[in-house]
Amino acid sequence: MMQKNVLKVEGMSCHHCVNSIQKAVGSLAGVSKVDVSLTDKTVSVVYEDGEVSLDNIKKTIDDQGYDVK
């Protein structure tokens, strides 16, 4: 089942941050859409629940050096 979550992410400051999160999260199996907002400090993710977990998405963002709230 498709899920959509909006995560608060601290530490993003530039378009390089946006690109690195979009690339890392977007490459996960089951993720169909990633929208990163520097202004709102959010990452919106649409994903297939059976293929990837929210914890895995959070860990991927964390591994890029950002703090998921």
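Presented here is a report on the structure given in the accompanying data block.

Rules used throughout
- Residues numbered from 1 in each chain as written.
- Predicted model: local features only at pLDDT ≥ 70, side-chain atom pairs only at ≥ 80, totals over all residues.
- Heavy atoms only, no water.
- Axes fitted to C-alpha atoms, helices over the stretch in contact; angles between N-to-C directions.
- Helix = DSSP H or I, 4+ residues; strand = E, 2+ residues; numbered from the N terminus.
- Left-handed = near helix turned anticlockwise from the far one by under 90°.
- Contact = heavy atoms within 4.5 Å.
- Buried < 20%, exposed > 50% of the residue type's maximum accessible area, 1.4 Å probe, protein only.
- Pairing = 2+ DSSP bridges.

1. Section: the packing of helix H1 (residues 15-26) against helix H2 (residues 54-63)
Working step 1: One can describe the packing of H1 onto H2 by two numbers: an axis separation of 9 Å at closest approach and a directional angle of 140°. In this structure, the crossing between H1 and H2 has a hand that is right-handed. From H1, Ile21, Ala24 and Val25 reach across to H2, where they touch Ile57, Thr60 and Ile61.

2. Examining the pairing of strand S3 (residues 42-48)
Working step 1: S3 sits mainly inside the fold: five of its seven residues count as buried.
Working step 2: Relative to S3, strand S1 (residues 2-10) runs antiparallel, the two being bridged by seven bridges. Bridge pairing links Met2 to Glu48 in S3.
Working step 3: Hairpin connection between strand S2 (residues 31-37) and S3: a loop of four residues separates the two successive antiparallel strands, and Lys41 in this loop has a positive phi of roughly 55°.

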